[in-house]
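# Close look at the chain arrangement
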Amino acid sequence: MSESVWSPGWREQQISKLRLQPEEKQWDLIVIGGGITGAGVMREATRRGLKTLLIEQKDFAWGTSSRSSKMVHGGLRYLGSGQFGLTLDSVKERQRLLEEAPGLVDPLNFLMGHYKGGFPGPFIFNVLLTIYDWMAGKRNHRFIKRAVKDFFAPGMKSSNLKGATQFADAVTDDARLVLRVLHEANSEGGVALNYVSAQDTVREGGRVKGVRVKDELSGASFDIYASAVVNASGAWTDELRAQMGAESVIRPLRGSHLVVPSWRLPTAYSVSFFHPKDKRPVFAFPWEGVTVIGTTDLDHKQDMKKDASITQEEVTYLIDAVNEQFPGAHINENDVVASYSGVRPVVGTGSLNPSSEKREHSIWDDQGLISVAGGKLTTFRLIALDVLDAAKEYLPAHTANSSDAAIFKEITPYVGDVLTKSKLTPHQIRRLKGRYGRHYGAVTTGVSEAELALVESTETLYAELRWSLENETIVHLEDLLLRRTRLGLLIGNGGEAIFDRLKPLCQSILGWDDERWNTELASYQKLIEECYSLPARKAARGAL
């Protein structure tokens, strides 16, 4: 497929082709859902030579996959609860991602303090980590007795502190991980479309043969046919299955986070601790130049058609937790740059405590509709392989066995122009490689010196904004600022400081006139206020 996929106008061309496509020109596979699970299925399917179409009702990574805790980890807590298989798979996949995608998935050290009379003690924790490291094939932990609060985690609570255990996992930009996986699938002939929703399945003789879809931009509805259909819609899995007569199985659980400037809560490690109220694990960790505090674990009762948002109770819960662990920080709501909330598509078992629900994935076959839910971001590749195995009786024969193939193709060294080479640091080049893969050189080729500058205090280059607008099927302003880049979470008021500079870029590349820009900006600012800010601020503005 051409390297120009996802350029402005490409999406509309594909929609037109789909509407005119005769039934006999069907797809091998339709994937519903543009999060990390759907992207993984598309990636593995195209590698096997299957003609694959992916549709997403909103934007790629719009749901949980842009609002996770950003961790690529083996799940130490799952090991503690006896989920050995899940932990082993997660540890191995974490190591694979660290090796295949440096600059996108990077090592992150964790620090767990041990307090007199507290759980877990150093001995028990060391036993768990010894098993954890054995699974990874390398020792990654040690006990630290001195200078914990002064050197390793300045400001950490010192009363009754016996020491701390340092161990290793990884961190990522979850939305960019989805985008990079989709780019890999695009390069092998896949077609991925955002803002196309699945309205119903098309059935013949009691078996699913396609999907009734709706272009959310034009409102047009039409049928698309395929040998197999995969429902990877996460927290929305039950909606299509219900039309097949299946019972609801998903228990949507909300995890909310606060983002504060790194100078207000400096952390070189992810500091893990237990909330003083309910003893749930909480953490504060460095990410993209800020500090993230998370997470909650609550039944999600909000409108599933809208972005999830943090409640005042969750804000108080997280602030109380971090001030207990860092008593001198005195974090308050005025320090919060942004909040975000994701909905975990957990398969419910009836547990009274949401945090006790298992995190393994499940797969169902409803007359040819293969649905998948649950699982972890870290294990998306293994989930995809299981899904394709479940769908194999409906799929045409394929020759490629991708069970151990690399997720990402090797990146060809890019020489680049003199300006780029002289202005970018090794760290910046590594970061671009991780986020954009083989496209990394194109991101900064031919741009002005001003576009090689950093956006405000972030690590994002202005050149990334231009490249995403030109190459990543952006429909709305929120797509650019909340998912293609994370500037809406990293800069106050959703990135307000750069709106004036963004306007001419969006107008020249996307063809937006003043009216369209003003509409997009107003819609985006309302979204930030309602779903990525704090409830108290929204209430205060509403009272004006």
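I will try to describe carefully the structure that is included in this document. Just so it is clear, the structure is predicted and the values come from calculations on it, not from any experiment.

## Describing the overall build of the protein chain
Scanning the protein chain from N- to C-terminus turns up 20 helices and 18 strands. At 23 Å, the protein chain has a C-alpha radius of gyration in line with the 24 Å of a compact globule built from 544 residues. Residues classed as buried in the protein chain amount to 58% of the 544 residues present. With an accessible surface of roughly 22,100 Å², the protein chain has 52% of that area assigned to carbon and sulfur atoms. Separation between the mean location of the 66 positive side-chain charges and that of the 67 negative ones in the protein chain comes to 5 Å.

## Observations concerning helix α14 (residues 462-471)
In terms of burial, α14 is a largely internal element, eight of the 10 residues being buried. Taken as a whole, α14 has its buried residues at Tyr462, Ala463, Glu464, Leu465, Trp467, Ser468, Leu469 and Asn471. On its buried face, α14 is in contact with α7 (174-187), α12 (426-436), α13 (440-444), α15 (477-484), α16 (487-490) and α18 (499-510). Phi turns positive one or two residues past the end of α14, at threonine 473, with a value near 35 degrees.

## Looking at the packing of aromatic side chains
Using the criterion set out here, one finds nine aromatic pairs in the structure. Ring geometry for tryptophan 6 against phenylalanine 60: centres 5.0 Å apart, planes inclined by 20 degrees, an arrangement best described as stacked. Highlighted residues: tryptophan 6 in the segment before α1 (10-20) and phenylalanine 60 in the loop between β2 (52-56) and β3 (71-72), separated in sequence by 54 residues. Across this residue pair, the class does not change: tryptophan 6 and phenylalanine 60 are buried. A centroid spacing of 6.1 Å and a plane angle of 55 degrees characterise the contact between phenylalanine 152 and tyrosine 269, whose relative ring orientation is tilted. Within this pair, whereas phenylalanine 152 is found in helix α6 (residues 148-152), its partner tyrosine 269 is found in the loop between β11 (250-261) and β12 (270-274), the two being separated by 117 residues in sequence. The buried category is assigned to phenylalanine 152, whose relative accessible area is 11%. Through a chain of ring-to-ring contacts, the aromatic side chains of Phe110, Phe125 and Phe167 assemble into a single cluster. The ring centre of tyrosine 115 lies 4.7 Å from the NZ or CZ of lysine 157, which sits over that ring.

## Things to note about a nonpolar patch on the surface
Taken together, Phe119, Phe123, Ile124, Val127, Ile131 and Trp134 make up a surface patch of nonpolar side chains, about 700 Å² in accessible area. Examined against the element boundaries, phenylalanine 123 turns out to sit in helix α5 (residues 122-136). Overall, the relative accessible area of 65% leaves phenylalanine 123 in the exposed class.

## Some remarks on the nonpolar core
Among the nonpolar cores identified, the biggest contains 65 residues, and Leu29 and Leu182 are the most heavily contacted of them. Residue contributions to this core peak at seven residues, all from α7. The contact partners of leucine 29, leaving out residues within four places of it in the chain, are Val41, Ala45, Lys51, Thr52, Leu53, Ala226, Ala228, Val229, Val230, Leu388 and Leu395. Phe167, Leu480, Leu490 and Trp517 belong to the second-largest nonpolar core, a separate cluster that totals 51 residues.

## Quick notes on the pairing of strand β6 (residues 161-172)
Most of β6 sits out of view: 10 of its 12 residues are buried. Looking at chain direction, β3 and β6 are connected through two bridges and run antiparallel. Across the sheet, the residue bridging to methionine 71 is valine 171, located in β6. Judged from the 11 bridges that link them, strand β4 (residues 105-115) and β6 form a sheet pairing that is antiparallel. Following the sheet pairing, proline 107 is matched in β6 by alanine 170.

## Let's talk about the side chain of threonine 473
Assignment of secondary structure puts threonine 473 in the loop between α14 and α15. Every residue in contact with threonine 473, bar those within four places of it in the chain, is listed here: Trp6, Arg11, Phe60, Asn194 and Arg484.

## Observations regarding the packing of helix α4 (residues 84-100) against α5
At a minimum axis distance of 8 Å, the contact between α4 and α5 shows a crossing angle of 50 degrees. Taken together, α4 and α5 sit at an angle that is classed as oblique. Once α4 is placed against α5, the crossing between them reads as right-handed. Residue-level inspection shows Phe84, Thr87, Leu88, Val91, Lys92, Arg94 and Gln95 of α4 in contact with α5, the latter providing Tyr132, Met135 and Ala136. Partitioned by chemical class, the residues of the contact of α4 with α5 number six nonpolar, two polar and two charged.

About the thresholds
- Residues numbered from 1 in each chain as written.
- Predicted model: local features only at pLDDT ≥ 70, side-chain atom pairs only at ≥ 80, totals over all residues.
- Heavy atoms only, no water.
- Helix = DSSP H or I, 4+ residues; strand = E, 2+ residues; numbered from the N terminus.
- Rg over C-alpha atoms; globule rule 2.2 N^0.38 Å.
- Buried < 20%, exposed > 50% of the residue type's maximum accessible area, 1.4 Å probe, protein only.
- Areas by Shrake-Rupley, 256 points an atom, 1.4 Å probe, with all protein chains shown as cover.
- Lys, Arg positive; Asp, Glu negative; His and termini not counted.
- Charge placed at Lys NZ, Arg CZ, Asp CG, Glu CD.
- Contact = heavy atoms within 4.5 Å.
- Phe/Tyr/Trp six-rings, centres within 6.5 Å; stacked < 30°, edge-to-face > 60°.
- Lys NZ or Arg CZ within 6 Å of the ring centre and 35° of its normal.
- Patch = residues over 30% accessible without salt bridge, like charges linked within 9 Å, V, L, I, M, F, W, Y side chains within 5 Å.
- Salt bridge = Lys/Arg side-chain N within 4 Å of Asp/Glu carboxyl O.
- Core = buried A, V, L, I, M, F, W, Y, C linked by side-chain atoms within 4.5 Å.
- Pairing = 2+ DSSP bridges.
- Axes fitted to C-alpha atoms, helices over the stretch in contact; angles between N-to-C directions.
- Parallel < 35°, antiparallel > 145°, perpendicular 65-115°, else oblique.
- Left-handed = near helix turned anticlockwise from the far one by under 90°.
- Nonpolar A, V, L, I, M, F, W, Y, C, P; charged D, E, K, R; others polar.

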